[in-house]
Amino acid sequence: MKVLLDGKKASEAILDKIRLESEKLGITPGLCVIMVGNDPASSVYVKNKEKACEKVGFYHKTYRLMEDTTQDQVLSVIQEVKEDCKLHGLIVQLPLPDHINEELIINSIPVEKDVDCFHPFNVGCLLTKKKGDAPLAVAPCTPAGVMELLEMNGVDVAGKRAVIVGRSNIVGKPLALMLLNRDATVTICHSRTKDLPSVVREADIVVAAVGSPKLVTADMVKEGAVVVDVGVNRLEDGKLCGDVDFDAVKDKAYAITPVPGGVGPMTIAMLLKNTLSMAKRQRVCNKTS
Ligand code: GUN
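One structure accompanies this document, and this report is about it.

Cut-offs used in this document
- Residues numbered from 1 in each chain as written.
- Predicted model: local features only at pLDDT ≥ 70, side-chain atom pairs only at ≥ 80, totals over all residues.
- Heavy atoms only, no water.
- Helix = DSSP H or I, 4+ residues; strand = E, 2+ residues; numbered from the N terminus.
- Rg over C-alpha atoms; globule rule 2.2 N^0.38 Å.
- Buried < 20%, exposed > 50% of the residue type's maximum accessible area, 1.4 Å probe, protein only.
- Areas by Shrake-Rupley, 256 points an atom, 1.4 Å probe, with all protein chains shown as cover.
- Lys, Arg positive; Asp, Glu negative; His and termini not counted.
- Charge placed at Lys NZ, Arg CZ, Asp CG, Glu CD.
- Axes fitted to C-alpha atoms, helices over the stretch in contact; angles between N-to-C directions.
- Parallel < 35°, antiparallel > 145°, perpendicular 65-115°, else oblique.
- Contact = heavy atoms within 4.5 Å.
- Nonpolar A, V, L, I, M, F, W, Y, C, P; charged D, E, K, R; others polar.
- Pairing = 2+ DSSP bridges.
- Patch = residues over 30% accessible without salt bridge, like charges linked within 9 Å, V, L, I, M, F, W, Y side chains within 5 Å.
- Salt bridge = Lys/Arg side-chain N within 4 Å of Asp/Glu carboxyl O.
- Near = heavy atom within 4 Å.
- Polar contact = N/O pair within 3.5 Å; in protein donor to acceptor, adjacent residues only side chain to side chain.

Here's the deal with the overall build of the chain
Then, in step 1: When helices and strands are counted, the chain shows ten helices and eleven strands.
Then, in step 2: Relative to the globule expectation of 19 Å for 289 residues, the C-alpha radius of gyration of the chain, 19 Å, shows essentially globular dimensions.
Then, in step 3: Dimensions of the chain, computed from the C-alpha atoms along their principal axes, are close to 55 × 40 × 35 Å.
Then, in step 4: Across the 289 residues that make up the chain, the buried fraction comes to 48%.
Then, in step 5: A total of about 14000 Å² of accessible surface is found on the chain, and carbon and sulfur atoms cover 53% of it.
Then, in step 6: Separation of charge centres in the chain, based on 37 positive and 37 negative side chains, amounts to 5 Å.

Considerations on the packing of helix α1 (residues 7-23) against helix α2 (residues 40-56)
For any two helices packed against each other, the geometry is given by the interaxial angle and the distance between the axes.
Then, in step 1: Two elements in contact, α1 and α2, have axes separated by 8 Å at closest approach and are oriented at 55 degrees. The angle between α1 and α2 places the two elements in the oblique class. Packed against α1, whose contacting residues are Leu 15, Ile 18, Arg 19 and Ser 22, the element α2 presents Glu 54, Lys 55 and Val 56 at the interface.
Then, in step 2: Taken together, the residues that form the contact of α1 with α2 break down as three nonpolar, one polar and three charged.

Brief notes about the sheet that holds strand β8 (residues 226-229)
Then, in step 1: The six strands lie next to each other as β1-β11-β8-β7-β5-β6, forming an open sheet whose pairing is parallel. One side of each edge strand has no neighbouring strand; the edge strands of this open sheet are β1 (3-4) and β6 (185-189).
Then, in step 2: Here β8 pairs with strand β11 (residues 255-256) via two bridges, running parallel. When the sheet's bridge partners are listed, Val 226 is paired in β11 with Ala 255.

As for a negative patch on the surface
Then, in step 1: A contiguous patch of negative charge on the surface is contributed by Asp 39, Glu 67, Asp 68 and Asp 98.
Then, in step 2: Tracing the backbone shows Asp 39 in the loop between β2 (30-36) and α2.
Then, in step 3: Residue Asp 39 is classed as partly exposed on the basis of its relative accessible area of 30%.

Side note on the pattern of salt bridges
Then, in step 1: In the structure shown here, the tally under the stated rule is nine salt bridges.
Then, in step 2: Residue Glu 21 pairs with Lys 280 through a salt bridge whose shortest N-O separation is 2.4 Å. Taken together, the residues span a long stretch of sequence, with Glu 21 in helix α1 and Lys 280 in helix α10 (residues 263-288) at a distance of 259 residues.
Then, in step 3: The exposure class of Glu 21 is partly exposed, given its relative accessible area of 31%.
Then, in step 4: As a salt-bridge pair, Lys 273 and Glu 148 come within 3.6 Å of each other at their nearest N and O atoms. Taken as a pair, Lys 273 in helix α10 and Glu 148 in helix α6 (residues 141-152) lie far apart in primary sequence, 125 residues in all.
Then, in step 5: Classification of Lys 273 by relative accessible area gives partly exposed; the value is 33%.

Considerations on the site of the ligand
Then, in step 1: By nearness alone, every residue bordering the ligand is listed as Val 92, Gln 93, Leu 94, Asp 116 and Phe 118.
Then, in step 2: Here a nitrogen atom of the ligand and a backbone polar atom of Val 92 are 2.8 Å apart.
Then, in step 3: Contact between the ligand and Asp 116: a nitrogen atom at 2.7 Å from a side-chain N or O atom of the residue.
Then, in step 4: In the complex, the protein chains occlude 82% of the 280 Å² of accessible area that the ligand would expose alone.
Then, in step 5: Its residues assigned to classes, the shell around the ligand shows three nonpolar, one polar and one charged.

Some points on the side chain of His 88
Then, in step 1: Along the chain, His 88 falls in the loop between α3 (71-83) and β4 (89-92).
Then, in step 2: Among the polar contacts made by the side chain of His 88, one reaches the main-chain carbonyl oxygen of Cys 85 at a distance of 3.5 Å.
Then, in step 3: Ignoring any residue separated from it by four or fewer positions in sequence, one finds His 88 in contact with Ile 27, Thr 28, Pro 29, Gly 30, Glu 112, Lys 113, Thr 275, Met 278, Ala 279 and Gln 282.

Topic: the environment of Arg 182
Then, in step 1: Take Arg 182: it is sitting in the loop between α7 (172-181) and β6.
Then, in step 2: We classify Arg 182 as partly exposed; its relative accessible area is 40%.
Then, in step 3: Sequence spacing of Arg 182 and Val 157 is 25 residues, and the spatial spacing of their C-alpha atoms is 6.7 Å.

Things to note about a nonpolar patch on the surface
Then, in step 1: A surface patch of nonpolar side chains, amounting to about 240 Å² of accessible area, comprises Tyr 45, Val 232 and Leu 240.
Then, in step 2: Relative to the assigned elements, Tyr 45 resides in helix α2.
Then, in step 3: Assessed through its relative accessible area of 38%, Tyr 45 is described here as partly exposed.

The following block contains the structure:
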C-alpha cells in the first residue's frame, strides 16, 4: 500500500473549513435528526452526528421517538421540521420499524431540507445531471464522502474501471451515478452476480458496500487497485470490521481505506457540508421573500 485513505484526517480538515464558512454566514445552520426506535447502530451514528454539529457550531435537534410511534406521528414531526426556519437540514435515520412505510416517509421529507439526498426528486437530479453535484447542491452523504476522499488523495476516476459491490439505494446505486458523472466505467455487482471474484479483479477502483465481513479477499484484487471499504460489521468479539480483508488486501492495493476511520467520518463531514449548502440557499430565499 502506498496511500492510506485516512477519512478521519480528511474529515477533520473538511469540518474546519465548514466551521470557518458557517461563522461568516450570518445565520447558524441547523440540522434535525429523527430517529424511531432503539437500533443500537443508529444510536451510535446519531450521537456522532450530534457531536460533529457541536464541533462546527451548528444548531441541532434530535427527535428520539419510541419504537411504537405511528407513521402519522412521524409525518407530523416532519411537517413541524419543515416549518421550523432554524432547521435547514432534516434526516430520518434508517432503518425505520417495520410498521412504518420507509418510502412514504422519504417521499415526505421536504426537498429543500433533504440533506441525505434520499427524496426521489433529489435522486432524479443526481441521475440527470451529467457532471458534478445535483442542482440542489447536495449529494448522498456516503457516496459523496467516497468521492471526496478519492479526490483529496489525488485519485482521478476518469477513464478508470470502477466495480461497486452492493446495489443499495443509500450507497451502491448513487455512487455508481457519481462515478459515471466523473467519467469512470462503472459495474455494479450484487448477490446474483456470476463469478464475483473475476469481475472485481478487473477493477482499478473497488468499492465494497454490502455489509459482509471480509468479503473482498486479496485474490480478488488487482495489483495496484484503489480499494474503498464502506462496510461496517461488528464481529462476535465486539470489534469493527469492513467488507474488505484489510490485512491481506493492503499489500496488493495502491490505496485503501481503513475501517474504522475511512469512509465513516467522511459521511458525517458530507452531511454537515450539505447542511451548510441548504442553509446558504434558505438564507437567500428568506432574504428575497
Ligand atoms: N442509515 C444508514 N446510513 C444512513 C444514512 O446515510 N442516512 C440515514 N438517514 N440513515 C442511514
